[in-house]
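What follows is each chain in one-letter form.
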Amino acid sequence: MAEQEKEAALPPKENFSEWYNDLLQVAEIMDVRYPVKGSYVWYPFGFSIRRNVYGIIRELLDKDHQETMFPLLIPENEFMKEAEHIKGFEDEVYWVLNGGTTPLDVKLALRPTSETAIYPMYRLWVRSHADLPLKLYQIVNTFRYETKHTRPLIRLREITSFKEAHTVHATWDEAAAQVDEAIRLYSEFYRRLAVPVLPSKRPNWDKFPGADYTVAVDALMPDGKTLQVGTAHHLGDNFAKTFDIKYEDVAGEQVYAHQTCYGVSERSIAALISIHGDDKGLIMPPEVAPVQAVIIPILFKKSEAVLAACNDVKETLEAAGVRVTIDDSDKRPGSKYYKWEMKGVPLRIEIGPRDLEKEAAMLVRRDTGEKEQVPISSIANEVIERFAVIQFSLLENAKENLKARIFDCNTVEEIKEKVSEGIAHVPWCGEEKCGLEMDEEVGAGILGIPTDQDDEGNYKCPMCGKDTSIRVYVAKTY
Ligand SMILES: Nc1ncnc2c1ncn2[C@@H]1O[C@H](COS(=O)(=O)NC(=O)[C@@H](N)CS)[C@@H](O)[C@H]1O
Ligand SMILES: [Zn+2]
């Protein structure tokens with residue numbers, strides 16, 4: 001990649017939108033110059049973050065799911081089968097009309113999501129209760145003709161990293177348990193990225209097209225808006241009836257199956273970058289950092305000895321499983337620090353003649369800037385210990401920041417004021433009319449009813465004044 005000649009200055013993070021856009025380029029995450037709106041190009045560095053992040057979701061899913069891959073093209077007759085689903089996607093789906101110069105006799109949809117590609121095959125695969133539960137997932141690109149403002153990693157027209165799981169169960173309750181399990185798995189996935197998320201049950205008007213209900217996990221972005229970073233849907237037997245997915249139960253009866261589907265996308269990486277970064281650039285949690293440690297030789301006289309020591313340290317760390325590199329380019333140390341801080345490398349290791357005299361190395365944490373000299377003889381343990389400390393500290397800081405920006409509100413005025421900073425925790429009577437009116441009045445949406453806390457209290461709906469025992473999260477969203 002063309003090295004940044006002069007050091008491009010990053011706007012301060014408080015100008016979040018500019019900071020985010022510039023950082024994607026300067027840190028070489030995604031190149032937004034591709035000539036199709038809503039399609040972006042992964043730089044290799046960005047792609048290695050994606051590899052590490054999706055390695056975690058695969059690790060979690062592979063415990064009791066199987067990965068596979070279905071075709072991208074969906075014939076119109078299958079796509080148009082489930083009425084709710086069509087209504088929800090008809091404005092977003094791309095169609096292929098020709099093969100070369102030959103018009104196709106059946107229009108083909110580019111999958112916006114894969115229910116209508118997968119479920120005709122589930123109809124063939126699911127025969128008996130012994131085939132259940134069936135839990136498959138795929139990580140593919142999907143296409144949605146988004147009309148809202150497209151943004152790299154956040155709102156793409158070609159979603160490049162769409163992980164969608166589709167499960168089949170014998171009963172509604174088993175499918176409901178799977179939705180809970182999906183949200184637990186997503187919460188664990190985001191914990192590994194040091195990103196705290198809020199799980200909540202979406203209001204009916206905001207559920208997935210064709211679903212009985214939707215539970216989502218939201219992350220709070222630095223600008224006070226929330227980003228939906230994962231969703232799990234209970235599909236009831238709606239799609240089973242449409243696609244005739246039945247199994248023979250133990251009594252020999254033919255029974256419609258119950259299903260779920262749940263997905264995350266590269267928004268997971270958008271949240272990771274946005275929540276942990278600072279004015280100097282990325283701060284990568286060690287678990288997913290493409291480069292976990294960078295060794296900077298401080299070269300004056302005796303440089304062979306310094307370089308030899310740096311290579312020894314690199315080999316020792318590699319043997320301990322650390323993703324490490326030496327920056328022995330002829331740039332001055334300051335511009336090396338700048339480059340690797342921009343790329344969010346969790347630990348810098350400085351080794352110069354003075355360190356050598358003490359057979360030590362200087363460790364510098366990217367998240368706090370803390371410097372500490374450690375003996376080279378125990379460098380692997382020192383480095384790995386610090387990774388755990390950094391990982392924990394990034395998550396704790398993010399949790400505190402989230403907690404500090406959830407505000408209990410009881411009046412419309414309070415909600416209006418607080419949703420510009422973060423998330424309002426608001427009583428709601430549960431009526432759609434009040435929900436939509438609130439949305440209208442405060443310029444922010446109901447995220448949903450939190451699923452990770454039982455919050456039975458005596459409240460009054462701020463719109464109609466009715467007594468209610470439930471409170472919901474309300475926030476401006478991406
Ligand atoms: N245009 C988009 N760009 C990036 N990510 C998106 C986009 N649209 C949706 N997502 C992400 O993809 C997740 C799943 O999308 S979804 O529509 O909610 N659900 C489905 O498509 C279901 N079939 C489960 S996979 C969302 O929670 C959101 O995090
Ligand atoms: Zn009300």
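Every residue gets a number counted from 1 within its own chain, in the order that chain's sequence is written. In the order they appear in the text, chains get letters beginning with A and ligands get numbers beginning with 1. With pLDDT at 70 or above as the cut-off, local features in this predicted model cover only qualifying residues; side-chain atom pairs require 80 or more to be listed or tallied, and sums for whole chains, interfaces and linings still use all residues. Note: side-chain values were computed over all heavy atoms of the structure, leaving out hydrogens and water.

1. Observations concerning the pairing of strand E22 (residues 445–450)
Among the six residues of E22, five are classified as buried, and the element is accordingly described as predominantly covered. We treat two strands as partners when DSSP finds at least two bridges between them. A run of DSSP states H or I qualifies as a helix once it reaches four residues; a run of E qualifies as a strand once it reaches two. Both are numbered from the N-terminal end. Both strand E9 (residues 198–201) and E22 contribute to a ladder of two bridges, which runs antiparallel. Each bridged residue has a counterpart across the sheet, and for Ser200 the counterpart in E22 is Pro450. The pairing of E22 with strand E25 (residues 471–475) spans three bridges and is antiparallel. Counted as the bridge partner of Gly448 is Tyr473 from E25. Buried residues are those whose accessible area, probed at 1.4 Å on protein chains only, stays under 20% of the maximum for their type, while exposed residues exceed 50% and partly exposed ones sit between those limits.

2. Some details on the domain arrangement of the chain
Domain delimitation follows an automatic or database domain assignment. Along its sequence, the chain is carved into domain 1 (16–276), domain 2 (293–386) and domain 3 (408–475). Of note, the centres of domain 1 and domain 3, computed from C-alpha atoms alone, are 28 Å apart. Contact criterion: two residues are considered in contact whenever any of their non-hydrogen atoms come within 4.5 Å of each other. On the side of domain 3, 18 residues touch domain 1, which itself brings 13 residues to the contact. Joining two parts hides part of their accessible area as seen by a 1.4 Å probe, and the buried area is that hidden amount summed over both. Interface area for domain 1 against domain 3, summed over the two sides, is near 1200 Å², with a carbon-plus-sulfur share of 67%.

3. Description of the site of ligand 1
Thr113, Glu115, Glu146, Thr231 and Ser265 are the nearest of the 21 residues found near ligand 1. We call two N or O atoms a polar contact when they sit within 3.5 Å, provided that within protein one can donate a hydrogen and the other can accept it, with sequence-adjacent residues counted only if both atoms are side-chain atoms. Contacts to ligand 1 include Gln228, whose backbone N or O atom sits 2.8 Å from an oxygen atom. At 2.8 Å, a side-chain N or O of Ser265 approaches a nitrogen atom of ligand 1. Considering ligand 1 on its own, with 590 Å² of exposed area, one finds that the protein chains cover 96% of that surface. Detection works on a 1 Å grid of protein atoms alone, calling trapped sets that fit a 1.4 Å probe cavities and calling open sets with protein on both sides within 12 Å along at least five of seven lines pockets, with lining residues defined by an atom within 4 Å of a point. Think of it this way: a molecule belongs to a cavity or pocket when more than half its atoms come within 2 Å of the grid points there. With respect to the detected pockets, ligand 1 is housed in the largest pocket. Counting only elements with at least two residues in the shell around ligand 1, the list comes to strand E8 (158–169), strand E11 (226–236) and strand E14 (258–264). A total of five residues in the shell around ligand 1 trace back to one element, the largest contributor, which is E11. Here the shell around ligand 1 is built from residues that sort into eight nonpolar, seven polar and six charged. Any residue with a heavy atom lying within 4 Å of a molecule or strand is counted as near it. Surface accessibility follows the Shrake-Rupley procedure with a 1.4 Å probe radius. Residue values consider only the protein chains on display as shielding. Throughout, the ten residues Ala, Val, Leu, Ile, Met, Phe, Trp, Tyr, Cys and Pro are labelled nonpolar, Asp, Glu, Lys and Arg are labelled charged, and all others, Gly among them, are labelled polar.

4. Things to note about the pattern of salt bridges
Each reported salt bridge corresponds to a side-chain nitrogen of Lys or Arg within 4 Å of a carboxyl oxygen of Asp or Glu. In total, this model carries 33 salt bridges according to the counting rule given. Salt-bridge contacts for Glu188 lead to Arg191; the nearest nitrogen and oxygen are separated by 2.9 Å. Of this pair, Glu188 and Arg191 are both found in helix H6 (residues 172–192), three residues apart, which corresponds to roughly one turn of the helix. Given the relative accessible area of 21%, Glu188 is considered partly exposed. Two residues, Arg366 and Asp278, come together in a salt bridge whose shortest N-O distance is 2.6 Å. One end of the pair, Arg366, is in the loop between strand E18 (360–365) and strand E19 (371–375); the other, Asp278, is in the loop between helix H8 (267–276) and strand E15 (293–297), with 88 residues separating them in the sequence. For Arg366, a relative accessible area of 5% puts it in the buried group.

5. Things to note about the sheet that holds E11
The 11 strands lie next to each other as E3-E7-E8-E14-E11-E10-E9-E22-E25-E21-E20, forming an open sheet whose pairing is mixed. Two strands bound the open sheet, and with one partner strand each, they are strand E3 (66–67) and strand E20 (406–408). Where E8 meets E14, seven bridges bridge the pair, whose relative direction is antiparallel. Along E14, the bridge assignment pairs Val168 with Gln259.

6. With respect to the coordination of the zinc ion (ligand 2)
Sodium, potassium and calcium take a 3.2 Å donor cutoff, other metals 2.8 Å, and in both cases only N, O and S atoms count; water is not among them, so sites may look incomplete. Coordination of the zinc ion (ligand 2) by the protein is provided by Cys429 (SG), Cys434 (SG), Cys461 (SG) and Cys464 (SG), with metal-donor distances spanning 2.3 to 2.4 Å. Tetrahedral means four donors with every angle between 85 and 135 degrees, whereas square planar (four donors) and octahedral (six donors) require angles over 155 degrees between opposite donors and between 65 and 115 for all others; sites fitting neither are termed irregular. Metal-centred angles of 104 to 115° between the four donor atoms at the zinc ion (ligand 2) mark the site as tetrahedral. As a motif over one chain, the donors of the zinc ion (ligand 2) read C-x4-C-x26-C-x2-C. Here the residue Cys434 occupies a position in helix H14 (residues 432–442), and Cys464 occupies one in the loop between strand E23 (459–460) and strand E24 (467–468), the gap between them amounting to 30 residues. For Cys434, a relative accessible area of 4% corresponds to the buried category.

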